[in-house]
Amino acid sequence: MATAGKKYSALTQAMATSALFAGIDEGSYEELLAYLDGTVRSYEEGSLLVRIGDAQARVGMVVEGDIEVGFYDESGSLANVTRMRPGDVFAESIACAGVPSPVQALASEDSAVLWLSADRIRRAGSFGAPRSAGCMLGNLVGLLSRKNVFLNRKVHILAQKRLRDRVKLYLNDCTSGSGQQRASFSRSELARYLCVDRSALSRELGRMRDEGIVRLDGKDITVVDVSFLK
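Notes on the structure in this doc start here. Bear in mind that the values here come from a model prediction, so they are computed numbers and not experimental data.

### Side note on the environment of Val214
So, step 1. Summarising the element assignment, Val214 is placed in strand S10 (residues 214-217).
So, step 2. The class for Val214 is buried, based on a relative accessible area of 4%.
So, step 3. Sequence separation between Val214 and Val226 is 12 residues, and the spatial gap between their C-alpha atoms is 9.0 Å.
So, step 4. Beyond its immediate chain neighbours, meaning those up to four positions away, Val214 contacts Leu171, Leu205, Met208, Arg209, Ile221, Thr222, Val223 and Val224.

Put into structure tokens, the structure is as follows:
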């Protein structure tokens, strides 16, 4: 386990903000990571961390940087699933289930990832495991449940035939701290998320802006006419 200097500070910060380690005191981190065979690895931009079809024996948590998780459609275009930032967890479903990965994970910038043994995670509630491992296992169940809800919402979005309806459902799920429906995605990222053509998305957002439904400011899309979401 890498625990020296700046890397340790970044690791501690990422764990403190991660839902996987919620409710676990920082004083228990070292014992827990030793039990989970935790290892921090650094990756250069463009590196593949998980390949489609590969078996995955470890669960990843982003320590630094940005990890893009996605897959390729039948035309060979990358379909973005989601982006992972420090504290976010990925590969937990495939690693714990022991199935080949249907997605890839790629470092979209220089990044560092904490890898945890899926086998140790599955045995986190067994005799001899530290108490904090049981707490982490409960957190993992919560994470998997929330991701299942997220995927169900995405299926609902992609089931819509009209592009505007896809945008509407997506914006419905985007609520800022002030209560506003506001999204922050580049047009290319949002097009990949919605599985639509980027040019078609830009035209539709332009029409929605002209109709007074949304306000566009760089990457930000803010709903002005909230009746649109009803």
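### Overview of the pattern of salt bridges
So, step 1. Within this structure, the stated rule accounts for 15 salt bridges.
So, step 2. Among the salt bridges present, the one from Asp66 reaches Arg85, with a minimum N-O distance of 3.0 Å. Note that Asp66 is positioned in the loop between strand S3 (58-64) and strand S4 (67-72) and Arg85 in the loop between strand S5 (78-84) and strand S6 (89-90), a separation of 19 residues in sequence.
So, step 3. Shared partners join several salt bridges into a network, and the residues in it are Asp66, Glu68, Arg83, Arg85, Glu109, Glu189 and Arg192.

### Observations concerning the pairing of S3
So, step 1. The buried count for S3 comes to 5 of 7 residues, which makes it a mostly enclosed element.
So, step 2. When S3 meets strand S8 (residues 111-117), the two strands line up antiparallel, connected through 6 bridges. Within S8, the residue paired with Gly60 across the bridge is Trp115.
So, step 3. Two elements, S3 and S6, share 2 bridges in a ladder whose sense is antiparallel.

### Overview of the pairing of S10
So, step 1. In this structure, S10 lies alongside strand S11 (residues 220-223), joined through 4 bridges in antiparallel fashion. Following the sheet pairing, Arg215 is matched in S11 by Thr222.
So, step 2. Following S10, the chain reverses through 2 residues before pairing antiparallel with S11; Gly218 in that reversal takes a positive phi of roughly 65 degrees.

### A closer look at the sheet that holds S6
So, step 1. Read across the sheet, 4 strands follow the order S1-S8-S3-S6 without closing on themselves; strand pairing throughout is antiparallel. Across the chains shown, the open sheet's two edge strands, defined by having one partner strand only, are strand S1 (39-43) and S6.

### Re unusual backbone geometry
So, step 1. In this structure, Ala91 takes a positive phi of about 70 degrees despite not being glycine.
So, step 2. Although it is not a glycine, Cys195 sits at a positive phi angle of roughly 60 degrees.
So, step 3. By the secondary structure assignment, Cys195 is in the loop between helix H7 (187-194) and helix H8 (198-210).
So, step 4. You can call Cys195 partly exposed: its relative accessible area is 40%.

### Some remarks on the nonpolar core
So, step 1. Counting 29 residues, the largest nonpolar core has Leu11, Leu20, Phe21, Met61, Leu114, Leu116 and Met136 as the members making the most contacts within it.
So, step 2. Broken down by secondary-structure element, the contributors of at least two residues to this core are helix H1 (5-17), helix H2 (29-35), S3, S8, helix H4 (118-122) and helix H5 (131-158).
So, step 3. Grouped together as the second largest cluster of nonpolar side chains are 22 residues, Val167, Phe185, Tyr193 and Phe228 included.

### With respect to the side chain of Ser101
So, step 1. By the secondary structure assignment, Ser101 is in the loop between helix H3 (92-97) and strand S7 (104-107).
So, step 2. Looking at Ser101, its side chain comes within polar contact range of the main-chain oxygen of Val103, at 2.5 Å.
So, step 3. Dropping the residues within four chain positions of it, Ser101 is found in contact with Val50, Arg51, Ile52, Gly53, Asp54 and Ile94.

Scoring rules and cut-offs
Residues numbered from 1 in each chain as written. Predicted model: local features only at pLDDT ≥ 70, side-chain atom pairs only at ≥ 80, totals over all residues. Heavy atoms only, no water. Helix = DSSP H or I, 4+ residues; strand = E, 2+ residues; numbered from the N terminus. Buried < 20%, exposed > 50% of the residue type's maximum accessible area, 1.4 Å probe, protein only. Contact = heavy atoms within 4.5 Å. Salt bridge = Lys/Arg side-chain N within 4 Å of Asp/Glu carboxyl O. Pairing = 2+ DSSP bridges. Core = buried A, V, L, I, M, F, W, Y, C linked by side-chain atoms within 4.5 Å. Polar contact = N/O pair within 3.5 Å; in protein donor to acceptor, adjacent residues only side chain to side chain.

Everything listed here is a matter of geometry and, on its own, says nothing about what the molecule does.
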